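Here's the letter readout for the chains.
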Amino acid sequence: MCGAVFGDKVFTGTYGVNYGRVADNLPSPESVVTLLKAAKIRNIRIYDADSQVLNAFKGSGISISVCVPNELLKEISVGEDRAMNWIKQNVEPYLPGTKIRGISIGNEILGGGDMELWEALVPASKNVYSALARLNLAHQIQVSTPHSEAVFANSYPPSACTFREDILPFMKPLLQFFSQIGTPFYINAYPFLAYKNDPQHIDINYALFKKNPGIYDAKTKLHYDNMFLAQVDAAYAALEKLGFDKMEVIVSETGWASKGDDNEAGATVKNARTYNKNLRKLLLKKKGTPYRPKMVVRAYIFALFNENLKPGPTSERNFGLFKPDGSISYDIGFTGLVPSSATTSSFLSFKVWIHTRIFCIINMKSANLTPSLLLTDLNLLQITKFCEFYLFLLRLS
């Protein structure tokens, strides 16, 4: 269909991260850009369309998906003019410098508690797409919506997965529209949540991509040695039953908590590191699933940072790959903005970091800036030249 934007154009490669900001202690968006570039993360999703974030990502080359918050869906579903106003205010001003490649219409709407939002989802999606088309942006910005596992009646074994009967009247027209415009099916898939809810019957090694007997799907005669791919294939099976066997599945959220309450089984740093490290290895192979071997698996990890203001159990505040100060939560191959006890860096690299920090603070003082701004509100790109020159001098000494 004319104007369709397919997954490989929205998603560069196979690995992305959700940049949640429900916290009061995170680095500035400018520092986050530096962090993402160092980690070679080229795709992010945010849960709003924050102007500071969108301005910071200008010229970064990082693909970003913004979101129409759930509370705005009813208003935008009323008419295309409401959608047009939102796009003109929250998207168009940042183009083309900021690489906005997607607009998510809410988050986990179907299966949630507000039936009015269920009813608003399809008209809101159509209005946003129509507004983009009128602005000649529909070919470069994809309209989508992520679902939780709550949209499924069952998902075991994968081939038996079906959508809930009460959701079908809303899901079918949504999938029909998304099929017309080339939008994938986005699912939030969490082996962690499945294990946490039933640790007696789920092998944690199966959830963590570690060696285990796996499961056998008798209908498809396929073997699964990890829950993540089983969850993706379950979504493919449910879509196929409704006639959407060509629709791609992209994982919009997946992750593992590094800390939890006493009743949150598996929420440890060791397990979080194992899950995210093994998931990253799997995604970097750029392969498909057992049921869709030619459909490359893509996923956004939840989340970039631990978010200290998120409500709910302790696990909700501890999904971050990075801590608020920019250091890594655990080592899966990324480099943080500052050294961390989780790293295996040598004393020499730590010494270089100390020298760099001192030099940058000196230069900041000369510019009448306070050292407390370092690595938080200061754009790290602005001090790179100072620091690189100083490191060059260190090597000569």
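Being a predicted model, the structure only gives us computed values, none of them experimental.

### So, the confidence of the model for the protein
In step 1: Across the protein, the average pLDDT comes to 89, with 83% of residues at or above 70.
In step 2: The model gives residues 369-382 a pLDDT under 50, and that stretch makes 33 contacts with residues more than four places away or in other chains.

### A few points about the nonpolar core
In step 1: The biggest cluster of nonpolar side chains holds 115 residues, and the ones touching the most others in it are F57, I103, F163, F185 and F228.
In step 2: In terms of residues, this core owes the most to one element, helix α10 (residues 227-241), which gives eleven residues.
In step 3: Leave out the neighbours within four places in its chain, and I103 touches S65, V66, V68, W86, I87, V91, V128, L132, I141, Q142, V143 and S144.
In step 4: Counting residues in each nonpolar core, the second largest holds five residues, with V10, F11, Y186 and Y300 among its members.

### Points about the pairing of strand β9 (residues 185-188)
In step 1: Covered by surrounding structure in β9 are F185 and I187 together with Y186 and N188, the residues of both alternating faces.
In step 2: Relative to β9, strand β6 (residues 146-147) runs parallel, the two being bridged by two bridges. Directly across from P146, in β9, lies its bridge partner Y186.

### A few points about the pattern of salt bridges
In step 1: The full count for this structure, using the stated rule, is twelve salt bridges.
In step 2: With a closest N to O distance of 3.8 Å, D50 and R21 form a salt bridge. Taken together, the residues D50 in the loop between β2 (43-45) and α3 (51-56) and R21 in the loop between β1 (15-18) and α2 (29-39) connect sequence positions 29 residues apart.
In step 3: Overall, the relative accessible area of 26% leaves D50 in the partly exposed class.
In step 4: As a salt-bridge pair, E316 and K310 come within 3.3 Å of each other at their nearest N and O atoms.
In step 5: You can call E316 partly exposed: its relative accessible area is 28%.
In step 6: The class for K310 is buried, based on a relative accessible area of 17%.

### Focus on the packing of aromatic side chains
In step 1: Summed over all chains, the structure comprises 21 aromatic pairs.
In step 2: Among the aromatic residues, those joined into a cluster by ring pairs are Y190, F192, Y195, F209, F228, W256, Y275, F302 and F319.
In step 3: If you follow R45 out to its NZ or CZ, it ends over the ring of Y300, 5.7 Å from the centre.

### Some thoughts on the sheet that holds strand β12 (residues 249-254)
In step 1: Strand order in this open sheet of nine strands is β5-β4-β3-β2-β1-β13-β12-β9-β6, and the pairing throughout is parallel. The open sheet has two edge strands, β5 (142-144) and β6, and neither has a second partner.
In step 2: Sitting on the sheet, helix α7 (residues 168-181) touches β5, β6 and β9, and the angle it makes with β5 is about 165°.

### Here's the deal with α7
In step 1: The end-to-end C-alpha separation of α7 is 20 Å, in line with the 20 Å expected for 14 residues at 1.5 Å each.
In step 2: Listed as buried for α7 are L168, F170, M171, L174, L175, F177, F178 and I181.
In step 3: Packing partners of the buried residues in α7 comprise α6 (115-134), β5, β6, β8 (162-163), β9 and α10.
In step 4: Positive phi shows up at G182, right after α7, with a value of about 80°.

Calculation notes
- Residues numbered from 1 in each chain as written.
- Predicted model: local features only at pLDDT ≥ 70, side-chain atom pairs only at ≥ 80, totals over all residues.
- Heavy atoms only, no water.
- pLDDT = per-residue confidence, 0-100.
- Contact = heavy atoms within 4.5 Å.
- Core = buried A, V, L, I, M, F, W, Y, C linked by side-chain atoms within 4.5 Å.
- Buried < 20%, exposed > 50% of the residue type's maximum accessible area, 1.4 Å probe, protein only.
- Helix = DSSP H or I, 4+ residues; strand = E, 2+ residues; numbered from the N terminus.
- Pairing = 2+ DSSP bridges.
- Salt bridge = Lys/Arg side-chain N within 4 Å of Asp/Glu carboxyl O.
- Phe/Tyr/Trp six-rings, centres within 6.5 Å; stacked < 30°, edge-to-face > 60°.
- Lys NZ or Arg CZ within 6 Å of the ring centre and 35° of its normal.
- Axes fitted to C-alpha atoms, helices over the stretch in contact; angles between N-to-C directions.
- Expected span 1.5 Å × (residues − 1).

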